[in-house]
Amino acid sequence: MQRPNIIRANAAGLPVHPNWYDYAGQRASFTWAQAHQALGLDPGGTLNIGDLCTDRHLRQGRGQQAALDFVASGRRLSYGQLAASSTQYGQALRCLGLEPGDAVFTLLGRVPELFITVLGALKAGMVACPLFSAFGPEPVRTRLDLGAAKVLVTSAGLYQRKVLPVLDQLPALRAVIVTDDVALEGTRTWSSFMQDASSCGAETAVTRADDAALLHFTSGTTGKPKGAVHVHGAALMHWMTGYYALDLHPGDVYWCTADPGWVTGTSYGIIAPLLHGAHCIIDDAEFDAYRWYSILQEHAVQVWYTAPTAIRMLMKAGAAAARGLRPDRLRLIASVGEPLNPEAVWWGVETFGQPILDNWWQTETGGIMIANAPAFDVKPGSMGRPLPGVEAQVVVRDAAGQLQIAAADEQGELALRRGWPSMFRAYLNNPERYQASFCGDFYLTGDLARRDQDGYFWFIGRADDVIKSAGHLIGPFEVESALMEHAAVAEAGVIGKPDPIAGEVVKAFVTLRSGQAPTAALHAELLAHARQRLGAAVAPKELEFAACLPRTRSGKIMRRLLKARELGLPEGDTSTLELPS
Ligand code: ATP
Ligand code: MG
């Protein structure tokens, strides 16, 4: 179905946002000193993410307020409890003899101990790295090894299945702590570890904006996952983006569906909401449409941060799953991780009475950079505009190889002016690659985009995924979005298939919504629909029905794998590939 290409911010019936602001005015007047002031910090002074997320709230009298609310177990931690247990955990790390900068990993589901470990490690000046608990032994080993993990917190079951088989290859690891109270050789229990704490210093470490705080691994969509190092100063970015892009306020009921094993789940599942004093809902269960709708409703979620893959699954589950849903309190829905097709933005309007606000960022940026914010009109399919304090540009190289700012609507690489507070400071063990990501004052993102006359950014594709067909540059996103407009299509993944005449031809892989059959008639209809929407030069020449598309563990479509399989080539690093469960 074709729809209007703009949703006005002030349209009747849309939610009202307490952080409503004037985009152009606030961007022009914003300085990072405002973020310092909001967090009670002196520019150039000390700051510690763990302290800002926990003890700061105690000092401001919010100790009783709910911080973390775990849906499955019914456990709940107030800001006061979170502050006390993370301090105790940090003390226990010191008792182990750990030094500032040492790496503390978790391999856990979304349980309280994960949050306590991350915040406690930060408060003690160590570097925190949560790993996704669904990884197998080899991805776990490579990450623990690359990050020189000194301590690992895990569960007894995960330890036996995923750590024990590779333990002898991890010489730096000094202690494994298991959250269950079972005696396992070579490990310590959480409770005994915490009991030891009282003899060691409880004070928060003196850390500064440039001190390492977090280690995040990229999703591995385009190749081997990279380890990105982040610093305590990132808190300023998390505060700013929590305010402008997510509209967070103290006490807001907030649900981030990302696992802390990915940067979204740490930056926006732990840090940003806790900086703002939000009440976080945490769910550890597998995706289930009925469960998700009931969480939104029963917990009266006000701000919901999720991902296109989850939205596509909810759309696929159909209207029946959403029947009876009355998310009256829901004020904002945001999405990140992959392009959000216009159909999904409109689905938000139909299902929740508001557009889903797409935003763009990467593991390397540490925080949201470009967003559709409540303050301005949404153009469905666009990733929005740069947030205050962020300079984003589309750049192209001139004949001499120099970077130039692209003209409006010209395609080029998305680049960010360096210096935003959550910019990554290193790729682990790969200084050359880090250096190569920068050109002069700009960080080059590896994504292609264009900026329209109104300053909105439009994602074209990853530089690696863009298709060159008969002299045209074709972004897979545009083709996938057009296919998804068809009522039978649940998901689409588009690649360039080598062709002796055109260079590449566009090939689409399509999964269907429930109740749709992959018939020859539908095949022809989808190709015709795409031709009519995109024109013959851009529309797919080939289309294949698929039962599912390969994705990363974080849910992203892996086009490189579709291509490798199509061409019968080696699949490369597949350690982050989601396995059928
Ligand atoms: P790897 O770097 O290992 O290949 P990855 O790039 O998928 O994996 P992440 O840092 O998790 O790892 O993802 C960031 C990338 O995801 C972006 O560079 C972009 O390609 C894509 N992305 C994120 N948000 C959006 C969005 N709103 N629209 C389009 N693409 C997005
Ligand atoms: Mg990347």
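As a reminder, the structure under discussion sits directly above these lines.
Residues numbered from 1 in each chain as written. Chains lettered and ligands numbered in written order. Predicted model: local features only at pLDDT ≥ 70, side-chain atom pairs only at ≥ 80, totals over all residues. Heavy atoms only, no water.

(A) Up close: the overall build of the protein chain. Secondary structure assignment for the protein chain yields 19 helices and 28 strands. Taking 2.2 N^0.38 as the reference for a compact globule, 581 residues should give roughly 25 Å; the C-alpha atoms of the protein chain span a radius of gyration of 23 Å, in line with that estimate. Oriented by its inertia axes, the alpha-carbon framework of the protein chain measures out at about 75 × 60 × 55 Å. Buried positions account for 60% of the 581 residues belonging to the protein chain. For the protein chain, the share of sequence-separated contacts (at least 6 apart) that also reach a separation of at least 24 residues comes to 70%. When the accessible surface of the protein chain is split by element, carbon and sulfur atoms take 51% of a total near 22,200 Å². Taking the average place of the 52 positive charges on the side chains of the protein chain and the average place of its 58 negative ones, the gap between the two points comes to 1 Å. (Helix = DSSP H or I, 4+ residues; strand = E, 2+ residues; numbered from the N terminus. Rg over C-alpha atoms; globule rule 2.2 N^0.38 Å. Buried < 20%, exposed > 50% of the residue type's maximum accessible area, 1.4 Å probe, protein only. Contact = heavy atoms within 4.5 Å. Areas by Shrake-Rupley, 256 points an atom, 1.4 Å probe, with all protein chains shown as cover. Lys, Arg positive; Asp, Glu negative; His and termini not counted. Charge placed at Lys NZ, Arg CZ, Asp CG, Glu CD.)

(B) Geometry of the state of the cysteines. Taken as a whole and assessed by the stated rule, the structure comprises one disulfide. With its sulfur 2.0 Å from that of its partner, Cys95 forms a disulfide with Cys200. Its S-S torsion of approximately 125° makes the covalent link between Cys95 and Cys200 right-handed. Placement of Cys95 in helix 5 (residues 79–95) and of Cys200 in the loop between helix 9 (190–195) and strand 8 (212–217) is noted, with a sequence separation of 105 residues between them. Here Cys95 falls in the partly exposed class, since its relative accessible area comes to 30%. Sulfur of Cys53: no disulfide; nearest cysteine sulfur belongs to Cys280 and is 9.3 Å away. Of the cysteine sulfurs around Cys256, a residue in no disulfide, the closest is that of Cys280, at 8.6 Å. What makes Cys256 buried here is its relative accessible area of 8%. (Disulfide = S-S within 2.5 Å.)

(C) Fine view of the sheet that holds strand 11 (residues 279–282). An order of 2-1-11-10-12-13-14-15-16 is seen for the nine strands of this open sheet, with the pairing classed as mixed. Of all the strands in the sheet, just strand 2 (76–78) and strand 16 (385–386) have a single pairing partner and so form its edges. Here helix 11 (residues 263–275) sits on the sheet in contact with strand 1 (66–70), strand 10 (253–256), strand 11 and strand 12 (303–306), set at roughly 165° to strand 10. (Pairing = 2+ DSSP bridges. Axes fitted to C-alpha atoms, helices over the stretch in contact; angles between N-to-C directions.)

(D) Examining the site of ligand 1 more closely. Taken together, the neighbourhood of ligand 1 is formed by 21 residues, with Gly220, Thr221, Thr222, Thr363 and Lys556 sitting nearest. Measuring from an oxygen atom of ligand 1, one finds a side-chain N or O atom of Arg462 at 2.8 Å. For ligand 1, whose unbound accessible area comes to 630 Å², protein coverage reaches 95%. When grouped by side-chain class, the residues that make up the shell around ligand 1 number five nonpolar, nine polar and seven charged. (Near = heavy atom within 4 Å. Polar contact = N/O pair within 3.5 Å; in protein donor to acceptor, adjacent residues only side chain to side chain. Nonpolar A, V, L, I, M, F, W, Y, C, P; charged D, E, K, R; others polar.)

(E) Quick look at unusual backbone geometry. In this structure, Ala148 takes a positive phi of about 50° despite not being glycine. With respect to the helices and strands, the residue Ala148 is situated in the loop between helix 7 (137–146) and strand 5 (149–154).

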